[in-house]
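So you can see what is in the structure, the chains are spelled out below.
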Amino acid sequence: GDQLYLFEQRPDENQEDADNFGNAKNVIGSERLFEKLWDENDNYIDQPAFAKARLFDMFIGDWGRHPDNWRWAEFDLGEQTIYRPVPRDRDQAYTKIDGLWPDLAGGYRKFRHLQGFNYSIKNVGAWNFPGRTLDYRFINELQLEDWIAMAKDLQGELTDTLIESSIRLMPPELFRISGETIIAKLKSRRDDLQRYAKEYYEYLARTVTILGSEKTEKIEIEVL
């Protein structure tokens, strides 16, 4: 008692009975996923799904998206196996960061992601810094129009009614403190999702990462 806890489902291995994890027969961590991608070039990431998940991170202000904060649901499609993202560990969502020291720390490159959950993201590339390890590798095939399409799709799903009803599920004691403010910030961030998508695409496009496997492969690069 008198403690604050975060309870969450932690999917691993067989999840055939879990509709919320796509009834996947196997769910693995990021470290194991890298091994799978290296071993076989018929293993793929569902990049549109991952981009959409990353946009949702921006929507709720969850900047702590390092590799261990993801699981990957495996789906056998016959000639290839595709892995879809399962986000976990939401302990940075709605983070409130204010005061002198955080402001000073934000001036250093290593800490520029410490922007706090505000009405907008000041620097999308810097804010996403902790997620760079996966983003450079797992969203490297999408074009700008793909990012915009994912943002539009998410905006259509995140209606005012959905946002309001979801936040009102908070305990009344907590909602009275910050509920209305969180609702207003979520609506503002939702409305900016297409801008975030464009800015982050342009940020990632500055450095292109090309993944290979231990199989014999031929990679052709055309610079336009």
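What this report covers is the structure whose coordinates are included nearby. Note that the coordinates shown come from a computational prediction; the quantities given were computed from them, not determined experimentally.

Rules used throughout
Residues numbered from 1 in each chain as written. Predicted model: local features only at pLDDT ≥ 70, side-chain atom pairs only at ≥ 80, totals over all residues. Heavy atoms only, no water. Core = buried A, V, L, I, M, F, W, Y, C linked by side-chain atoms within 4.5 Å. Buried < 20%, exposed > 50% of the residue type's maximum accessible area, 1.4 Å probe, protein only. Helix = DSSP H or I, 4+ residues; strand = E, 2+ residues; numbered from the N terminus. Contact = heavy atoms within 4.5 Å. Expected span 1.5 Å × (residues − 1). Polar contact = N/O pair within 3.5 Å; in protein donor to acceptor, adjacent residues only side chain to side chain.

**With respect to the nonpolar core**
In terms of nonpolar packing, the biggest core is built from 43 residues, with Leu55, Trp72 and Trp147 touching the most fellow members. A per-element tally of this core places helix H2 (residues 47-60) first, with 7 residues. In this structure, Trp147 is in contact with Ala51, Leu55, Ile139, Leu142, Ala197, Tyr200, Tyr201 and Leu204, ignoring residues within four places of it in sequence. Grouped together as the second largest cluster of nonpolar side chains are 8 residues, Ala18, Phe21, Ala73 and Val86 included.

**Side note on H2**
The end-to-end C-alpha distance of H2 is 20 Å, a good match for the 20 Å that 14 residues give at a rise of 1.5 Å each. In terms of burial, H2 is largely enclosed, as 11 of its 14 residues are buried. Looking only at H2, the buried set comprises Gln47, Phe50, Ala51, Lys52, Ala53, Arg54, Leu55, Asp57, Met58, Phe59 and Ile60. You can read the cap of H2 off the contacts: a side-chain oxygen lies 3.2 Å from the backbone nitrogen of Ala49, and it is on Asp46. At the C-terminal side of H2, Gly61 shows a positive phi close to 75 degrees.

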